[in-house]
Amino acid sequence: MGHTVLVCDDAIFMRTMISDILSQAGYEVIGEAESGRQAVERYRELKPDLVTMDIVMPDMSGIEAVREICREDPGARILMCSAMGQQALVVEAIQAGAKDFVVKPFQASRVLEAVQRLLG
Amino acid sequence: MDNQKYRDLFVSESREHLQRCTRDLLAWERAPHAAEPVASLFRSVHTIKGMAATLGFATLANLSHAFEHVLSSARDGGLVATPDVVDVALRTLDFLERGVAQVESGEDPGGAADPLIAELGGLARPATGTWPIPPGGSDKPAFAAGPAAPAETTRLVRVGLDRLDRLVTLGGELAVGRTRLVQRLAGTTDAALLEEAHRLGRLVDEVHRQVLLARMAPVAEVFERFPRAVRDLGRQLGKQVRLEIEGDDIELDRALLEQLPDVLLHLLRNAVDHGIESPGDRQAAGKPPEGRVRLVARREGDAVLIDVEDDGRGIDRGAVQARADALGLPAPTGAEGDELLEVLARPGFSTAARVTDVSGRGVGIDVVVQRVRSLGGITELSSRSGVGTTVRLRLPLSVAVIPAVLVGVAATRYAVPLAFVAEAARFEAGERGTVVHRGRTLPRVDLGGTRPDAPWRPGVVLAVGGRVGALVVDTLLGQEDIVVAPMDAPRGVAPWVNGATILSDGLPALVLDPAALV
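Residues numbered from 1 in each chain as written. Chains lettered and ligands numbered in written order. Predicted model: local features only at pLDDT ≥ 70, side-chain atom pairs only at ≥ 80, totals over all residues. Heavy atoms only, no water.

Colleague: Run through the overall build of chain B, naming residues and quoting values.
Modeller: When you go through chain B residue by residue, the secondary structure sums to 15 helices and 18 strands. Pairs at least 24 apart in sequence give 69% of the contacts found in chain B among residues at least 6 apart. Carbon and sulfur atoms form 53% of the exposed surface of chain B, whose accessible area is close to 25200 Å². (Helix = DSSP H or I, 4+ residues; strand = E, 2+ residues; numbered from the N terminus. Contact = heavy atoms within 4.5 Å. Areas by Shrake-Rupley, 256 points an atom, 1.4 Å probe, with all protein chains shown as cover.)

If you want it as structure tokens, here you go:
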């Protein structure tokens with residue numbers, strides 16, 4: 001059985017791409033979210049094994065969403081997807097509870113490596 | 001590798017963001033210290049950057065990166081939106097827009113972004129480094145994509161407009177066929193057959209309605225570009241102008257919508273160039289230095305009204321009078337806006353008026369009036385000296401099928417669009433050229449007929465904007481939905497005929513233009 005993933009990004013482009021990478025590797029993308037607030041709601045609803053989280057999103061940033069999700073579920077496995085030049089924000093996200101990060105623009109192999117590491 | 005899928009997503013999503021960017025940028029210029037427009041701009045530019053970098057479009061990614069850097073300077077409070085900053089930002093958006101268009105047409109985005117990047121760099125602390133592009137070049141993103149995951153957010157399909165048009169035509173013919181069938185069955189006593197025909201009729205109506213709805217699009221698609229255009233015009237003319245838009249969610253048939261940009265742009269140019277005064281003149285007149293132009297759309301019954309309204313100096317009736325005299329044209333007799341419009345709209349009148357860089361020669365208000373009329377609409381004008389001018393376009397919701405009253409005059413049948421018919425009536429002859437109706441005297445419109453001297457004749461009351469007239473005919477034939485075919489009028493056709501149609505009995509009728517009659 002593939003692990004379940006929730007993909008959070010405000011760009012359809014990025015969501016489609018991440019979903020493609022993950023589903024081709026056998027993961028099951030069970031939901032998407034386009035804002036921090038939606039990410040929190042969807043997480044509650046779907047209880048995915050893993051979340052990919054963009055940082056810059058409207059209506060609650062990815063970092064706030066991480067904080068909120070980890071407060072409710074300290075075991076949440078969240079992978080930050082950040083753009084280059086946001087190192088400070090990545091550090092903040094890790095402090096908030098994110099487990100790892102990948103940097104955009106993505107390479108599929110990097111994304112999959114990080115996902116495999118997180119899901120053990 | 002389905003690279004095309006990502007290119008398509010890039011194009012549609014970038015377009016959306018670029019439109020939002022223009023809106024945010026203009027909002028920022030209006031409130032140079034506001035945080036929200038900058039935050040929203042930042043998010044959009046950031047998203048574009050991420051997509052461009054992923055697809056390997058280095059130029060666009062680097063330019064967005066430099067722009068994003070300027071925006072973060074603004075967010076941190078070091079930079080405010082002066083007109084010069086906004087100019088550079090708008091040119092950056094133009095560059096990105098061109099890049100997106102190139103991607104759409106299958107090319108890779110090109111052009112030299114370096115001068116712009118340098119200009120952006122001059123506005124903020126220099127950006128650190130350039131944006132990394134994945135190895136492998138632009139056509140080979142460094143991942144392999146599988147089949148599309150079902151996206152939950154998109155429930156839209158793209159359909160070619162030609163296909164939709166074909167459906168609209170078929171829907172129209174189907175509606176006519178339904179009417180014809182019902183007429184054929186008028187004499188039958190077979191109740192089951194009648195019921196079946198009526199059921200079919202309702203379904204046909206619904207199909208027709210839905211097909212027309214599928215062609216509707218919000219006027220926002222056209223309005224979107226105007227805030228930028230008005231701002232640039234104002235800058236060019238040394239005027240302060242704010243464009244306010246209302247009702248941009250109102251929907252119109254796409255066929256109408258496509259005709260609107262030129263018409264509205266012309267009216268907006270007139271408003272900014274001729275209507276709005278210079279800041280000095282405005283203050284001297286006791287007005288705020290910033291002029292206001294409003295573009296308002298709203299539904300009224302079966303019509304959509306679009307107003308272009310300015311709070312400028314109003315139309316100078318003296319100058320219009322003088323110009324009319326000089327050209328040997330009849331001058332407006334009264335102060336009413338519609339009479340003024342009639343004079344202004346004479347071909348050549350407004351093109352002969354003052355020439356500026358902006359309004360230029362060429363299209364005048366006459367072209368606007370004609371274009372709107374060809375769409376089945378009318379143009380109205382009201383203007384008060386020193387207070388402002390409003391031009392109102394009254395447009396039908398759809399051009400494809402309209403309900404009409406059929407009338408007979410001598411051997412000819414005419415269809416009168418129901419939208420302009422106030423009521424059917426029996427008119428008693430009044431004084432020369434008039435009829436008396438419900439105690440009111442109305443101007444009589446007579447297309448000839450077999451009994452000109454009868455004590456009373458049937459007809460309809462036409463109402464066009466505020467104007468009313470009595471169209472007298474020989475017979476009232478009924479009401480029908482007609483498909484109007486636009487017609488290039490052959491020589492000899494009366495000016496008040498603006499189309500032709502085939503009625504349910506398969507024979508043609510002429511479509512009257514009430515605006516030309518009253």
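Colleague: Can you explain the pairing of strand β11 (residues 434-437) of chain B? Please cite residues and give values.
Modeller: All names here are of chain B. Across 2 bridges, strand β10 (residues 421-429) lies against β11 in antiparallel orientation. Looking at the pairing, E428 lines up with V436 of β11. In this structure, the hairpin formed by β10 and β11 is closed by a connection of 4 residues, where G433 is found at a positive phi of approximately 70°. Pairing between β11 and strand β12 (residues 440-446): 4 bridges, direction antiparallel. Note that in β12 the partner of V435 across the bridge is L442. Between the end of β11 and the start of β12, which pair antiparallel, lie 2 residues, with R438 showing a positive phi angle near 50°. (Pairing = 2+ DSSP bridges.)

Colleague: For a nonpolar patch on the surface, give the residues involved together with the corresponding values.
Modeller: All names here are of chain A. On the surface, I94, F101 and V103 cluster together into a nonpolar patch covering about 220 Å² of accessible area. Position of I94 among the secondary structure elements: in helix α4 (residues 87-96). The class for I94 is partly exposed, based on a relative accessible area of 35%. (Patch = residues over 30% accessible without salt bridge, like charges linked within 9 Å, V, L, I, M, F, W, Y side chains within 5 Å. Salt bridge = Lys/Arg side-chain N within 4 Å of Asp/Glu carboxyl O. Buried < 20%, exposed > 50% of the residue type's maximum accessible area, 1.4 Å probe, protein only.)

Colleague: I'd love a proper account of the sheet that holds β10(B), names of residues and values included.
Modeller: An order of β10-β11-β12-β14-β13 (chain B) is seen for the 5 strands of this closed barrel, with the pairing classed as mixed. This sheet shows a mean twist of 50° between the axes of neighbouring strands, independent of strand direction. (Axes fitted to C-alpha atoms, helices over the stretch in contact; angles between N-to-C directions.)

Colleague: So what about the environment of A:A39? Which residues, and what values?
Modeller: Residues and elements named next belong to chain A. Secondary-structure assignment places A39 in helix α2 (residues 36-46). Sequence separation between A39 and G62 is 23 residues; the distance between their C-alpha atoms is 8.3 Å. Beyond its immediate stretch of four places on either side in the chain, A39 contacts L6, C8, A33, M53, A65 and I69.

Colleague: Residue-level account of the side chain of B:T92, with values.
Modeller: All names here are of chain B. Inspection of the secondary structure puts T92 in helix α4 (residues 83-104). The class of T92 is buried, set by a relative accessible area of 0%. In contact with T92, not counting residues within four places along its chain, are L63, F67, L116 and L120.

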